[in-house]
Amino acid sequence: MTGAISLASLRLSTVDQNQTSLIDHVPDDVLLNVFDFYRLAAPSPAKAGITGWTWPWQSLARVCRRWRQLILSSSPKRLRLDFFLTYGAPFASILRLPSEFALELDFPDETYGDDEDNNDPDLADVLVPWAPDSEDSDGVALVFREHPERIRKINLLAHGNDLRKLFAQLTGPTPQLESLEVHAANWPLPLQVFPDNFLEGSAPALRRIELTGVIPPLPSVPNITHFEFYLEHELPEDSSLFNELAEYVRQMSQLETLVIQYDDYEPSPSTDQVEVHVVFSTK
């Protein structure tokens, strides 16, 4: 790469008080690129299932005043100074942080099978939906109601009625929202959990939607590049929902990945397609 700087050649400490280190002369943009590579290599709290910063940028911010100012003044999308919230998150404390820190809400499914003390095979894959009266759901409702502009990602699994109550409170613009994953627990028929005109014109960054047992929000978002839709039973091609879903996808002019899957789908013996059943083309 033209103009590249070998980090191995940089002296990270000063010789005396009157001589600066070579790293002080590294341009801001080069440092930000280095920080970004560090971000990509750092462990994610999402994998550990714990609340925390989406990557340990604060360790870099403590090196010196220049690095701290550079990190905090960078574009929010450049270094992703987001906060990851999952089960047990201290919402009140986190929401007191400056508004430039985006929020990632992650409350996915849990299974009894994850418990090492559980030996009952009948409970191995039972979904444990999010408790609607828990402090977690109250915290997410607070974010939806008062801080929608800070939401970067949403990943929720709950019963349909609880999802409907939550999303009724998400009425403000969500300019940073990039990913929407919503899963209805143990519900055989698709549910309408989103209010009318949900996110219409207020989510310009949204690129990914993944739904299980949930009717897609209308109208469609043209800039979606990744769409996944899961149902327990296959939709008849003459059903109104099938036609609405087909039209919904056709409006996604930037679509790159489309997955539609039915749990009870049985492919023809002549095909190798087993798990994914794409019922229409975007072309």
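Right above here is the structure, for reference.
Just so you know, the residues in each chain are numbered from 1, in the order the chain's sequence is written. The predicted nature of this model means local features are confined to residues of pLDDT at least 70 and side-chain atom pairs, given and counted, to a pLDDT of 80 or more, with totals for whole chains, interfaces and linings taken over all residues. Neither water nor hydrogens contribute to the side-chain values; these are computed over all heavy atoms in the structure.

Chemist: Is there a simple way to think about the nonpolar core in this case?
Modeler: When a protein is soluble and globular, its nonpolar side chains tend to lie buried together. Among the nonpolar cores identified, the biggest contains 52 residues, and F144, I154, F167 and F227 are the most heavily contacted of them. Here this core gets five residues from one element, more than from any other, and that element is helix α9 (residues 240–250). Residues are treated as being in contact if the distance between any of their heavy atoms lies within 4.5 Å. When sequence neighbours within four positions are dropped, the list of residues in contact with F227 reads I209, L211, P216, L245, Y248, V249, M252, L255, T257, L258 and V259. Core analysis: the next-biggest nonpolar cluster, separate from the first, contains 16 residues, V26, A42, W55 and L79 among them. We define a nonpolar core as any set of buried Ala, Val, Leu, Ile, Met, Phe, Trp, Tyr and Cys residues linked to one another through side-chain atoms lying within 4.5 Å. Residue burial is assigned from relative accessible area. The probe radius is 1.4 Å, only protein chains are included, and a residue is buried under 20% of its type maximum, exposed over 50%, and partly exposed in between. Numbering of helices and strands runs from the N terminus, with a helix taken as a DSSP run of H or I at least four residues long and a strand as a DSSP run of E at least two residues long.

Chemist: Quick question: what am I supposed to make of the pattern of salt bridges here?
Modeler: Pairing is possible between side chains of opposite charge, provided their charged atoms come close. Salt bridges are identified by distance alone: a Lys or Arg side-chain nitrogen within 4 Å of an Asp or Glu carboxyl oxygen. Tallied over the entire structure, the rule returns nine salt bridges. With a shortest N-O distance of 2.9 Å, R80 and E178 are connected by a salt bridge. Taken together, the residues R80 in the loop between α5 (76–79) and β2 (83–85) and E178 in the loop between α8 (160–167) and β5 (179–184) connect sequence positions 98 residues apart. One salt-bridge network, in which partners are shared between bridges, spans R80, D82, R152 and E178.

Chemist: For this particular structure, what's the right way to read the environment of L97?
Modeler: Looking at where L97 falls in the secondary structure, it is placed in the loop between α6 (91–94) and β3 (103–107). Placed 14 residues apart in sequence, L97 and F83 show a C-alpha to C-alpha distance of 9.7 Å.

Chemist: Honestly, the packing of helix α1 (residues 28–41) against helix α4 (residues 65–73) in this entry has me stumped. Any pointers?
Modeler: A pair of packed helices is characterised by two quantities: the angle between their axes and the separation of those axes. In the contact formed by α1 and α4, the axes pass within 11 Å of each other and the chain directions differ by 75 degrees. In terms of their interaxial angle, α1 and α4 are classed as roughly perpendicular. Contact residues: D28, L31, L32 and F35 in α1; R66, W67, L70 and I71 in α4. Residue classes in the contact of α1 with α4 are distributed as six nonpolar, no polar and two charged. Axis lines are fitted to C-alpha atoms, over the contacting stretch for helices. Their N-to-C directions set the angle, which ranges from 0 to 180 degrees. Any angle that is under 35 degrees is reported as roughly parallel, and any over 145 degrees as roughly antiparallel; angles of 65 to 115 degrees are reported as roughly perpendicular and all others as oblique. Classes in brief: Ala, Val, Leu, Ile, Met, Phe, Trp, Tyr, Cys and Pro nonpolar; Asp, Glu, Lys and Arg charged; the others, Gly included, polar.

Chemist: It is not clear to me how empty space enclosed by the protein should be interpreted in this structure. Could you clarify?
Modeler: The distinction between a cavity and a pocket rests on a 1 Å grid over the protein atoms alone: a 1.4 Å probe fits inside a cavity but cannot get out, while a pocket stays open yet meets protein on both sides within 12 Å along at least five of seven lines, and a residue with an atom within 4 Å of a point counts as lining. Grid points are joined across faces, edges and corners, and a volume is the space filled by probe spheres set on the points. A complete count under the given rule lists two cavities of 30 Å³ or more for this structure. If you add up the space inside the largest cavity, you get close to 50 Å³. Lining the largest cavity are I215, P216, L218, L241, E244, L245 and Y248. Residue classes in the lining of the largest cavity are distributed as six nonpolar, no polar and one charged. Looking at the second largest cavity, its volume works out to about 30 Å³. In this structure, the second largest cavity is lined by L180, F198, L199, L206, I209, P217, P219 and V221. Residue composition of the lining of the second largest cavity, by class: eight nonpolar, no polar and no charged.

Chemist: How should I be thinking about the pairing of strand β7 (residues 226–231) in this particular structure?
Modeler: Side-chain positions along a regular strand alternate between the two faces of the sheet. In terms of residue burial, β7 counts as a mostly covered element, since six of its six residues are buried. Side chains H226, E228 and Y230 of β7 all project onto a buried face; the interleaved residues F227, F229 and L231 project onto the opposite face, where all are buried too. Two strands pair if DSSP finds at least two bridges between them. Where strand β6 (residues 208–212) meets β7, five bridges bridge the pair, whose relative direction is parallel. Bridge pairing in β7 places T212 opposite Y230. Taken together, the six bridges between β7 and strand β8 (residues 257–262) define a ladder with parallel strand orientation. Residue pairing for β8: Y230 is matched across the bridge by Q261. Following the backbone out of β7, through α9 and into the adjacent parallel β8, one traces a crossover that is right-handed. The definition of a right-handed crossover adopted here requires that, viewed with the strands pointing away, the path from the first strand over the helix to the second runs clockwise.

None of the figures reported here should be taken as evidence of function without further support.
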